[in-house]
Each structure stands twice: as C-alpha cells, then as structure tokens.
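# A structural walkthrough
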Amino acid sequence: MNIAVIFAGGSGLRMHTKSRPKQFLDLNGKPIIIYTLELFDNHEAIDAIVVACIESWIPFLEKQIRKFEINKVVKIVPGGSTGQESIYNGLCAAEEYAQEHKADTKQTTVLIHDGVRPLITEETITDNINKVEEEGSCITCIPATETFIVKQDDGNLEIPSRARSLIARAPQSFRLSDIMAAHRRALQEGRHDFIDSCTMMSHYGHKVATVIGPMENIKITTPTDYFVLRAMVQVHEDQQIFGL
C-alpha cells in the first residue's frame, strides 16, 4: 500500500496574506493545495491520501475536495503547533487506515509532502515509491546550483563541494513502520524540533537514499514563489492547449 501524507498545517506568515493561509490561496479558481492533491489523486500507484490541515480550515478543504472531485483523500486530521507534530498527526491517521485495511505497516510506503509544493511530477512520485522498495527510504532532492557556505561557531566558514551537494525537497518517503518508530522515539525523548522527516530518520541512524526531482519543485512560501507558480501553471496550460 502507498499512502500520501500531505501536511498543510502552517499559517504561512512569510506570504503576508491576511485573508487565508498560503495553502488555500486561489490560483485560476483553484486553491494551491488542490493542485498538490490532484498530483497524488491521479497517480495510479497511490492508494490513499491523508491530509493534516489547520483545524479551522478543515470544512473549507472538505468542500474543495468535493468540488474538484479528489477521490483518494481518506482522512483529514488537525495539524499541530509544529511541522513535526502535523506530520505525526498525519502519519497516525495513515497508520490507522493501513491497519483498517489489513496492510502490513512494514510493507506500507508513506510519501510525506508539503501541501504548498504543487510542482512535482508523476515521475517523481513513481521514483519515490520505487526507491523505498529498493532502499527502504528516500528524499527527493535537486542538485545544488550555487555554493553553500556553512558558518562555524568559531567564525570560520565550511564550504562543501558543490558537486557533492544536494538541496532537500519533497516528497520524503519511508516505510510506515520505520517513520512511526522514529516519531514515537522523538516524542519519548521530548524532541519537537526536527525540521523534517529525513533529518529525524538520519538522527536515529537510518540511511536515507535520494532521488532527483524537477528543479521547479519549489515550496510556495513567499509572494515571489506564488508568482513563479502562477507562471508555471500558465506554461503547463499552454502546453495542454497548444501542444507546445
């Protein structure tokens, strides 16, 4: 079984919007999160979708899911106060769904993805599923196109080789049993500060494989990101209409 866990629990302060969180911003009559959900809903290998959402926005999301005929969303749960907590809530719902359908969580793949990252491709989703089958986990990345500089505590600079550097994106995909065990260990240890799932898994000794995704797989966080998304959506629509 392959389950997508989409987290949309953030308020999006960097977007500077007053009316609604960034994942519900409208683009050509459709909220950003619906663009994301459609990618997983239309993928033949995805069996179910779980969404962790800002609790007060769940009724709106449910309405949009009906409107745009998203068929694979099986559970919508409230997000948490942190990204880590939102992901955990979504993973718990995915675990419940897998158990309800007699699926072995050791053989169930979860693809954890941002609700505001709608520019992935069908191929990226497929690559994640295949890589988990081969390696047990993976994170979607893109090659670094600029030099990274890491400032040390003593003021010196560490400059990693660009040729060996990757930029982490999403989905981040794992065996459900493995990622649940990592989250529960973090909770037992009082850790609530993991920035993402691959950081948590690496911290607890798991080797995380990589897949290379598309460069346009950006997270819609700022107004500039929104304008890029709008342009990309327009290009995609032109390709469909004119066969460009």
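Residues numbered from 1 in each chain as written. Predicted model: local features only at pLDDT ≥ 70, side-chain atom pairs only at ≥ 80, totals over all residues. Heavy atoms only, no water.

The next point concerns the overall build of the protein. Within the protein, the regular secondary structure consists of seven helices and 11 strands. For the protein, the C-alpha radius of gyration of 18 Å lies close to 18 Å, the compact-globule estimate for 244 residues. Across its three principal directions, the C-alpha atoms of the protein cover 50 × 45 × 35 Å. Sorting the 244 residues of the protein into buried and exposed places 49% on the buried side. Side-chain charges in the protein split into 25 positive and 32 negative, and the spacing between the mean points of these groups amounts to 4 Å. (Helix = DSSP H or I, 4+ residues; strand = E, 2+ residues; numbered from the N terminus. Rg over C-alpha atoms; globule rule 2.2 N^0.38 Å. Buried < 20%, exposed > 50% of the residue type's maximum accessible area, 1.4 Å probe, protein only. Lys, Arg positive; Asp, Glu negative; His and termini not counted. Charge placed at Lys NZ, Arg CZ, Asp CG, Glu CD.)

Enumeration over the complete set of coordinates arrives at one cavity of 30 Å³ or more. In this structure, the largest cavity encloses a volume near 40 Å³. Every element with two or more residues in the lining of the largest cavity is listed here: α3 (83-100) and α6 (197-203). The dominant element in the lining of the largest cavity, judged by the number of residues it contributes, is α3, at three residues. In the lining of the largest cavity, the residues fall into four nonpolar, four polar and one charged. (1 Å grid on protein atoms, 1.4 Å probe; cavity = no way out; pocket = protein on both sides within 12 Å on 5 of 7 lines; lining within 4 Å. Points joined across faces, edges and corners; volume = space filled by probe spheres on them. Nonpolar A, V, L, I, M, F, W, Y, C, P; charged D, E, K, R; others polar.)

This part takes up unusual backbone geometry. Here the residue pair Ala-170 and Pro-171 is connected by a cis peptide bond, since its omega of 10° sits within 30 degrees of zero. Relative to the assigned elements, Pro-171 resides in strand β10 (residues 166-175). The phi dihedral of Glu-69 is positive, around 55°, even though this residue is not glycine. Among the residues examined, Glu-69 registers a relative accessible area of 59% and is labelled exposed.

Quick look at α3 now. Compared with the 26 Å implied by 1.5 Å per residue over 18 residues, the 26 Å span of α3 between its first and last C-alpha is a close match. Buried within α3 we find Gln-84, Ser-86, Ile-87, Tyr-88, Gly-90, Leu-91, Cys-92, Ala-93, Ala-94, Glu-95, Tyr-97 and Ala-98. Those residues of α3 that are buried are in contact with β1 (2-8), β4 (48-53), β5 (73-78), β6 (109-114), α5 (176-188) and α6. (Expected span 1.5 Å × (residues − 1). Contact = heavy atoms within 4.5 Å.)

Let's shift gears to the sheet that holds β10. Taking strand neighbours across the sheet as the criterion, the seven strands line up as β5-β4-β1-β6-β10-β7-β11 in an open arrangement whose pairing is mixed. Single-partner strands in this sheet number two, and they are β5 and β11 (209-212). Neighbouring strand axes in the sheet, compared pairwise and without regard to direction, differ in orientation by 25° on average. Note that strand β7 (residues 137-143) and β10 share six bridges and pair antiparallel. Across the sheet, residue Ile-142 finds its bridge partner in β10, namely Ile-167. Along the sheet, helix α1 (residues 32-41) makes contact with β1, β4, β6 and β10, crossing β4 at roughly 160°. (Pairing = 2+ DSSP bridges. Axes fitted to C-alpha atoms, helices over the stretch in contact; angles between N-to-C directions.)

Once that is clear, we can look at the nonpolar core. Counting 31 residues, the largest nonpolar core has Ile-3, Leu-91, Val-110, Ile-112, Leu-176 and Ile-179 as its most contacted members. Those elements that provide at least two residues to this core are β1, β4, α3, β6, β7, α5 and α6. Among the elements that line this core, the one with the most residues is α3, at eight residues. In terms of nonpolar packing, the next biggest core, distinct from the first, is built from 23 residues, Ala-8, Ile-33, Val-51 and Ile-70 among them. (Core = buried A, V, L, I, M, F, W, Y, C linked by side-chain atoms within 4.5 Å.)

Attention shifts here to the confidence of the model for the protein. Per-chain confidence: the protein averages 90 in pLDDT, with 93% of residues scoring 70 or above. Between residues 12-16, whose pLDDT stays under 50, and residues either more than four places distant or in other chains, the model counts 11 contacts. (pLDDT = per-residue confidence, 0-100.)

On to the packing of aromatic side chains, then. Under the criterion given, the structure shown has five aromatic pairs. Centre to centre, the rings of Phe-24 and Trp-57 are 4.9 Å apart; their planes meet at 10°, and the pair counts as stacked. You can see Phe-24 sitting in the loop between β1 and β2 (26-27) and its partner Trp-57 sitting in the loop between β4 and α2 (58-67), a full 33 residues away along the chain. The same class applies to Phe-24 as to Trp-57, namely buried. Ring centres 5.8 Å apart and planes at 55° place the aromatic pair Phe-194 and Tyr-204 in the tilted group. Here Phe-194 is found in the loop between α5 and α6, whereas its partner Tyr-204 is found in the loop between α6 and β11, with 10 residues between them in sequence. Judged by its relative accessible area of 8%, Phe-194 falls in the buried class. Given the relative accessible area of 12%, Tyr-204 is considered buried. (Phe/Tyr/Trp six-rings, centres within 6.5 Å; stacked < 30°, edge-to-face > 60°.)

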